[in-house]
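The residues making up each chain are set out below.
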Amino acid sequence: MTDLLTPQEVAEIFRVEVGTLAKWRWQKIGPDYIKIGRMVRYRREVIEAIVNGGSTTPGVT
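Read on for an overview of the structure. It should be emphasised that the depicted structure is a prediction, and the values quoted were computed from it without experimental measurement.

Procedures and definitions
Residues numbered from 1 in each chain as written. Predicted model: local features only at pLDDT ≥ 70, side-chain atom pairs only at ≥ 80, totals over all residues. Heavy atoms only, no water. Buried < 20%, exposed > 50% of the residue type's maximum accessible area, 1.4 Å probe, protein only. Helix = DSSP H or I, 4+ residues; strand = E, 2+ residues; numbered from the N terminus. Arc of directions from axis to C-beta. Contact = heavy atoms within 4.5 Å. Phe/Tyr/Trp six-rings, centres within 6.5 Å; stacked < 30°, edge-to-face > 60°. Lys NZ or Arg CZ within 6 Å of the ring centre and 35° of its normal.

**Quick notes on helix H1 (residues 7-14)**
Then comes step 1: Inspection of H1 places Pro7, Val10, Ala11 and Phe14 among the buried residues, and these make up the whole buried set. One side of H1 carries all its buried residues, which in axial view fall inside an arc of 105°.
Then comes step 2: Summarising the contacts, the buried residues of H1 are in contact with strand E1 (4-5), helix H2 (18-27), strand E3 (39-43) and helix H3 (44-51).
Then comes step 3: Note on H1: the residue one or two positions beyond its end, arginine 15, has a positive phi of about 60°.

So this is what it looks like as structure tokens:
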């Protein structure tokens, strides 16, 4: 399942703290994510779209 990224991996890509991602989730902004049980994961294609400017996800510039 390499198409799913951990919060730590996404935080490194965006150069933010893991806590910032948690705050964005709580505020319902930032990149879309999925929950598997208690685990939070991000789809690689969503993160790549944001990085490449192909997404208008609120809270992410």
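**Let's talk about H2**
Then comes step 1: Of all the positions in H2, only Leu21, Trp24 and Arg25 are classed as buried. Buried residues along H2 cover an arc of 100° about the axis, so they all sit on one side.
Then comes step 2: In this structure, the buried side of H2 is in contact with H1 and E3.
Then comes step 3: Lysine 28 sits one or two residues past H2 and shows a positive phi near 60°.

**Considerations on the packing of aromatic side chains**
Then comes step 1: A complete count under the given rule lists 2 aromatic pairs for this structure.
Then comes step 2: Ring geometry for tyrosine 33 versus tyrosine 42: centroids 6.3 Å apart, planes at 55°, classification tilted.
Then comes step 3: Look at tyrosine 33 and you get partly exposed, because its relative accessible area is 35%.
Then comes step 4: Across from the ring centre of tyrosine 33, 5.8 Å away, lies the NZ or CZ of arginine 25, which sits over that ring.

On their own, these measurements won't tell you what the molecule is for.
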